[in-house]
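What follows is the residue order along each chain.
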Amino acid sequence: MFFTGDSSTRKRVDLGGRSSKERDRQKLLEQTRLERNKRLWQRQQNSAALKIQKCFRGRKAVEAEQLKVREQFYMTYGDRCQNVDSHCFGPDSEFLRWLVFFFNPENASDFLSLVEACRLLHRFVRVKGDIVSLFSGMDYSTNHALVDYRVKQWAYCCIQAVHHNRIQLKDQLLMASDSTNMPTVLLLDAVVLLIDPKLPWACKTVRYLSERSTITLLREIVLTGKESMKPGVPSAKASSLEHLLTLIISHVGQRPCICPSVDPRWSFSSQILTVPFLWHLFPHLKKVFATSELSLSHIHQMALCVQNHANVLPSDLSPEFPGYACLLGNLLETASVALSQPDCLFDMAIDFAAVTSYLLELLPPLKSSSTESKENLIGAEDEEESKEISLNRDLERQISDAINPHLLLQLINVLFRGFSVTNGLYEEGPHNKEVAAVGAASAFLHVTFNTLPLERIMTVLAYRTELVPILWNFIKRCNENQKWPSLTEQSAYLPGDAPGWLLPLAVFCPVYKHMLMIVDNEEFYEQEKPLSLKDIRCLIIILRQALWQLLWVNPGAAPNSAKSITNGFAHKRHCVEFIQQRVSVVVAELLSQLQDWNNRRQFTSPSDFHADAVNEYFISQAVIENTRAYDILQRAPFLVPFTSRVKIFTSQLAASKQRDASQVVFSQNRLRIRRDHILEDAFNQLSALSEEDLRGLIRIAFVNEFGVEEAGIDGGGIFKDFMENVTRAAFDVQYGLFKETADHLLYPNPGSGMIHEQHLQFFHFLGTILAKAMFEGILVDIPFATFFLSKLKQKHNYLNDLPSLDPELYRHLIFLKHYEDDISELELYFVIVNNEYGEQTEEELLPGGKNMRVTNENVITFIHLIANHRLNFQIRQQSSHFLRGFQQLIQKEWIEMFNEHEIQLLISGSLDGLDVDDLRANTNYAAGYHKEHYVIEMFWEVLKGFSMQNQMKFLKFVTGCSRGPLLGFKYLEPLFCIQRAAGNASEEALDRLPTSATCMNLLKLPPYRSKQQMETKLLYAINADAGFDLS
């Protein structure tokens, strides 16, 4: 028979490896454990039930007793306390004992009885005058325990009554004390009477109220009163609630008060200071809180919570009014008063900086903030997050308005009071007090810079405090001693392993950078203010090393992570990375600015800005996107030597050409250009080309005056000749698009629109022409003004750039800056007169500037508005269109690698003298000449004997540009060539002058017989501007 598949007859085998007895034992143990736990749970349930029943029976018994005592109270003293006299408040009377025993704030009759009792208290105190004898009789010391107990209970009952009925009494909560018939006023004024600091039981009562968390009840009372308050100016008279809060906070940290420390969760700071716009409700309380001793106590308590990272704040009222932001706004609003007190202590300033730094760190980005984050990119994630979390506009305004110049001035003065600007307190290094001051100031200002607008606060930090010299003194001594103290104690958000120079540099760099925007050339170079040139050289080394450490040695963030952490709210998650990123930005900006000053007038070697560790590996990595080296090249290009950057730029151009060539193999644009209309034809035809066409090959066919194309095929030489002629014509000041400075440097003509109707289109075209020359490696001898070249980097020009444009105007403005008498007597207004081609127009520098007189207070603003108008505003349209055309071919990232001085070198070539040996090593010969020919040997000897000026003229004669390629003549396109002219050596042929074809970098040299003859002919040719023809 076949197998049926039925396995029931097979013996069962347990594969677990255990016997059935063992399994039964495990099952029994588990069952026993479950039964034991069940019995334990039942016992706990029974015990809990007994406790609940006991509590319930006790409450029922108390309620019954209270009902009995209440009835007895009404029978004895009346339902409106009609039968009460002054003796009823004494120790022998049952009046107060019964009232505080049965009082229930939910009972309307109890509430009315309590109100009447308070009314009687006020009356008896006015009559008798002595509240102590009213409660204790003749001897308080004998009955003090009983009296203290009754007073504490009564005060608590009054606050309970107001709190429970606050909705019904909402219109009375903020009433002034003279409204004596209102229940709320009677109840709160009674508490004010009972906790008067002069009374012997005052401290005990306040302590009792604190232990019962009465401050939370008062918070809810304040919030209810605030909601019902009518908008407008607050009452000039203090309310009863304000008097009560004033007395309660006065018991903290005040002598001879002996109140113990309150739990921070139930303190005035956490419960009341988190009420939005508290001081608008209680202006008198603001004055009391601002006293130094009181502020010191409360702020120190908050500082301890910050150090311990304890969250003691109540729940937020709403997303628009988070508790920490309300606390910050109220603290900042009183800070100016507190810090301006003559007896304001250093410790209080330290605690204040620590608390406010921590709270500012929690803020989302303020909508009104125009901090340097506008210079940074913000990641998409953080934009979404910042939209979700936003503060109330009025709360934002309270915070931003409170951090005003006066507050910063007071804080810095208190923190650095007694510090020497030159040597600090200790030669061997900063003392603990100095470290604490620097850490607190740096932490506070660092967070402020990244949260609030900078325009109003930078000037006061730069010019009305000694912050820059003090921080520099600290940085310099730490660097000299090679010992940086840790500042983590002063910054709750800074980790312990963060370098000690991080926070000081985060504050020093932007403030000093702001100073450099305002300081003039005489102050910087001659007077050496605010830092000496020797100190600046030392500073450059420190900044360079710090920046290299942050970007290359120990980067805190990946190159592309800057976008995700520059947002002010995101850095709570990436705190260390954010600070490192921020410091790298401000250090790079300051170093870039110092390099600009060095370019104007050299005070240190350019190599001081170069990082020591830049090597071939770094250069090879710098051309690859998304590498650390590439990121450094974009953010701090000055760390890389100029020649290395030129090589990278050249390789980027070559790579771009190769990509374009692979996409358009056969496309080529041929332009027909009339020689006598070269600029107009070039404008019309090149403007019609697309960006892809501009990147490709462009061939030129010149048309003569008869309309016939000239013979010859453009292999690149004719195009070079075309570029030289176009740029010479377009940038000629006679054409009206550009003007010259006193130093013969070119900048856009502000009145170009009066000459050319299409002037903006022409500037776009000229930007494209210049970019095409750079793209093709063609040097053009066009000297641009530095303030115009800065527009290629989209930079703003400042007062120090004005001398290159108008030195006379600059001298007048500096005269105004240092004018010591009353400037208003000069009758200057915020207007400027433009004079273009004899047409004068008056323009306001500010709205209403015609009626705004220049004074000693606003003269700095006037000076910089004038400079801004001349350097930026007047040429803004021309520069913008020029830049658009320029960026069609030269990417922004490429040009950002260079400063203005270096961009001029890219355009026109090296400023160094002609390197004859380099030119000789990279020269071709034609028509019978070779490198060992006697004429060629003689030629090089003659050229070497020329003066530098004549050598540059020779170079311009043969190449069209008086400067050589930046990387040497190896990179000259095409290579320099010497061709024999005059085939026979007749006297007539030898009498010819040498000629050149600049389009081909070609010199046509007759075979002269002597050095003297060759030298004479060459000098005549190069000084006569002769020899520009096509071969």
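Rules of the game
Residues numbered from 1 in each chain as written. Predicted model: local features only at pLDDT ≥ 70, side-chain atom pairs only at ≥ 80, totals over all residues. Heavy atoms only, no water. Helix = DSSP H or I, 4+ residues; strand = E, 2+ residues; numbered from the N terminus. Buried < 20%, exposed > 50% of the residue type's maximum accessible area, 1.4 Å probe, protein only. Contact = heavy atoms within 4.5 Å. Areas by Shrake-Rupley, 256 points an atom, 1.4 Å probe, with all protein chains shown as cover. Core = buried A, V, L, I, M, F, W, Y, C linked by side-chain atoms within 4.5 Å. Patch = residues over 30% accessible without salt bridge, like charges linked within 9 Å, V, L, I, M, F, W, Y side chains within 5 Å. Salt bridge = Lys/Arg side-chain N within 4 Å of Asp/Glu carboxyl O. Phe/Tyr/Trp six-rings, centres within 6.5 Å; stacked < 30°, edge-to-face > 60°. Lys NZ or Arg CZ within 6 Å of the ring centre and 35° of its normal. Axes fitted to C-alpha atoms, helices over the stretch in contact; angles between N-to-C directions. Parallel < 35°, antiparallel > 145°, perpendicular 65-115°, else oblique. Left-handed = near helix turned anticlockwise from the far one by under 90°. Nonpolar A, V, L, I, M, F, W, Y, C, P; charged D, E, K, R; others polar. Pairing = 2+ DSSP bridges. Lys, Arg positive; Asp, Glu negative; His and termini not counted. Charge placed at Lys NZ, Arg CZ, Asp CG, Glu CD. Expected span 1.5 Å × (residues − 1). Polar contact = N/O pair within 3.5 Å; in protein donor to acceptor, adjacent residues only side chain to side chain. pLDDT = per-residue confidence, 0-100.

With that settled, consider the overall build of the chain. Across its full length, the chain holds 44 helices and ten strands. For the chain, the residues scored as buried account for 51% of the 1031 residues in total. In the chain, once contacts between residues fewer than 6 apart in sequence are set aside, the share between residues at least 24 apart is 77%. Total accessible area on the chain is roughly 49,300 Å²; 51% of this is exposed by carbon and sulfur atoms.

So, on to the nonpolar core. Grouped burial of nonpolar side chains is what soluble globular proteins tend to show. By size, the foremost hydrophobic cluster in this structure holds 277 residues, and its most contacted members are Phe89, Phe135, Trp154, Phe508, Tyr512 and Phe722. If you tally residues by element for this core, the top one is helix 24 (residues 533-553), at twelve residues. In this structure, Phe89 is in contact with Val84, Phe95, Leu96, Ala117, Leu120, Leu121, Phe124, Leu134, Phe135 and Trp154, ignoring residues within four places of it in sequence.

Taken together, the side chains of Met754, Ile755 and Tyr837 present a nonpolar region at the surface, about 310 Å² in accessible area. Tracing the backbone shows Tyr837 in the loop between strand 5 (831-836) and strand 6 (839-844). What makes Tyr837 exposed here is its relative accessible area of 51%.

Further remarks concern the environment of Leu487. Structurally, Leu487 can be placed in the loop between helix 21 (467-481) and helix 22 (502-518). Leu487 sits 48 residues away from Gly439 along the chain, and the two C-alpha atoms are 5.3 Å apart.

Per the stated rule, a full pass over the model turns up 49 aromatic pairs. Ring plane angle 80 degrees and centroid distance 5.0 Å describe the contact between Phe524 and Tyr525, whose orientation is recorded as edge-to-face. Given the relative accessible area of 0%, Phe524 is considered buried. Under the relative-accessibility criterion, Tyr525 is labelled buried at 7%. For the pair Phe738 and Phe784, a centre-to-centre distance of 6.2 Å together with 55 degrees between the ring planes defines the contact as tilted. Linking Phe738 in strand 3 (residues 738-740) with Phe784 in the loop between helix 33 (759-775) and helix 34 (786-789), this pair joins segments that are 46 residues apart in sequence. Neither residue differs from the other here; Phe738 and Phe784 are each classed as buried. Clustering of aromatic rings is evident, with ring pairs tying together Phe73, Tyr74, Tyr77, Phe89, Phe95, Trp98, Phe102, Phe124, Phe135, Tyr140, Trp154 and Trp201. Positioned above the aromatic ring of Tyr525 is the side chain of Arg601, whose terminal nitrogen or guanidinium carbon lies 4.3 Å from the ring centre. The residue whose ring lies beneath Arg876 is Phe873, and the NZ or CZ to ring-centre distance is 3.8 Å.

Viewed as axis vectors pointing N to C, helix 21 and helix 24 meet at an angle of 65 degrees, and their least axial separation amounts to 11 Å. In terms of their interaxial angle, helix 21 and helix 24 are classed as roughly perpendicular. The two elements helix 21 and helix 24 meet at a crossing, and its hand is left-handed. Across from Trp472, Ile475, Lys476 and Asn479 in helix 21, the residues of helix 24 making contact are Asp535, Cys538, Leu539 and Ile542. Looking at the contact of helix 21 with helix 24 residue by residue, the classes come out as five nonpolar, one polar and two charged.

As summarised here, the arrangement of the four strands in space is 7-8-10-9, forming an open sheet in which the pairing is mixed. Only two strands of the sheet have a single partner each, and these edge strands are strand 7 (923-926) and strand 9 (995-997). Ignoring which end each strand starts from, the neighbouring axes of this sheet average 25 degrees apart. As paired strands, strand 7 and strand 8 (residues 976-980) are joined by four bridges and run parallel to one another. Residue pairing across strands places Asn924 opposite Cys977, the latter belonging to strand 8. Across the sheet, helix 41 (residues 934-945) is in contact with strand 7, strand 8 and strand 10 (1002-1005); its angle to strand 8 comes to roughly 130 degrees.

On the surface, Glu820, Asp821, Asp822, Glu825 and Glu857 cluster together into a patch of negative charge. For Glu820, a relative accessible area of 75% corresponds to the exposed category.

A pair can form between side chains of opposite charge whenever their charged atoms are brought close. Tallied over the full model, the rule gives 32 salt bridges. Of the charged contacts, one joins Lys795 and Glu900 as a salt bridge, the two residues approaching to 3.1 Å between their closest N and O atoms. With a gap of 105 residues between them, Lys795 in the loop between helix 34 and helix 35 (807-817) and Glu900 in helix 39 (residues 900-908) connect regions that are remote in the sequence. What makes Lys795 partly exposed here is its relative accessible area of 25%. Under the relative-accessibility criterion, Glu900 is labelled buried at 6%. Taking the shortest distance from any N to any O, the salt bridge between Lys892 and Glu896 comes out at 3.2 Å. Exposure remark for Lys892: the relative accessible area of 37% places this residue in the partly exposed category. If you follow the salt bridges from partner to partner, you end up with Asp520, Glu523 and Lys817 in one network.

Turning our attention to unusual backbone geometry. With an omega of 0 degrees, the peptide bond between Lys529 and Pro530 qualifies as cis. Along the chain, the position of Pro530 falls in the loop between helix 23 (521-526) and helix 24.

The end-to-end C-alpha distance of helix 21, which contains 15 residues, comes to 21 Å, matching closely the 21 Å that a straight helix rising 1.5 Å per residue would cover. Of all 15 residues that make up helix 21, 13 are buried, and the element is covered over most of its length. Two residues or fewer past helix 21, Gln482 is found with a positive phi of approximately 55 degrees.

Among the structural elements, Ser879 can be located in helix 37 (residues 876-886). On the accessibility criterion, Ser879 (6% relative accessible area) is buried. In terms of polar contacts, Ser879 uses its side chain to reach the backbone carbonyl oxygen of Ile875, at 2.8 Å. With near-sequence residues (within four places) excluded, Ser879 lies in contact with Pro748, Phe788 and Lys791.

Right, let's get into the environment of His818. With respect to the helices and strands, His818 occurs in the loop between helix 35 and strand 5. Between the C-alpha atoms of His818 and Asn856, which are 38 residues apart in sequence, the distance is 9.9 Å. Ignoring any residue separated from it by four or fewer positions in sequence, one finds His818 in contact with Asp520 and Glu523. For His818, the side chain forms a polar contact with the side chain of Asp520, separated by 3.1 Å.

Scored by pLDDT, the chain comes out at a mean of 83, with 87% of its residues at no less than 70. Of all secondary-structure elements in the chain, the lowest mean pLDDT belongs to helix 25 (residues 562-565), at 38, while strand 4 (residues 746-748) reaches the highest, 94. A low-confidence stretch, residues 369-387 stays under pLDDT 50, and its non-local contacts, those more than four residues away or across chains, total 39 contacts. A low-confidence stretch, residues 557-574 stays under pLDDT 50, and its non-local contacts, those more than four residues away or across chains, total 45 contacts.

Each pair of packed helices can be described by the angle between their axes along with the distance between the axes. Contact geometry of helix 21 with helix 22 gives a least axis separation of 10 Å together with a crossing angle of 135 degrees. The angle between the axes of helix 21 and helix 22 places the two elements in the oblique class. Regarding helix 21 and helix 22, the two cross each other, and that crossing is left-handed. Every residue of helix 22 that contacts helix 21 at Leu467, Val468, Leu471, Trp472, Phe474 and Ile475 is listed here: Pro504, Leu505, Val507, Phe508, Val511, Tyr512 and Met515. Tallied by class, the residues present in the contact of helix 21 with helix 22 amount to 13 nonpolar, no polar and no charged.

Mapped onto the fold, Arg70 is located in helix 1 (residues 20-77). Since its relative accessible area comes to 12%, Arg70 is described here as buried. With residues up to four places along the chain from it excluded, the contact list for Arg70 reads Phe102, Asn104, Asn107 and Asp110.

Take the environment of Trp484 next. Summarising the element assignment, Trp484 is placed in the loop between helix 21 and helix 22. Taking the C-alpha atoms as reference points, Trp484 and Trp501, 17 residues apart in sequence, are found 6.6 Å from one another.

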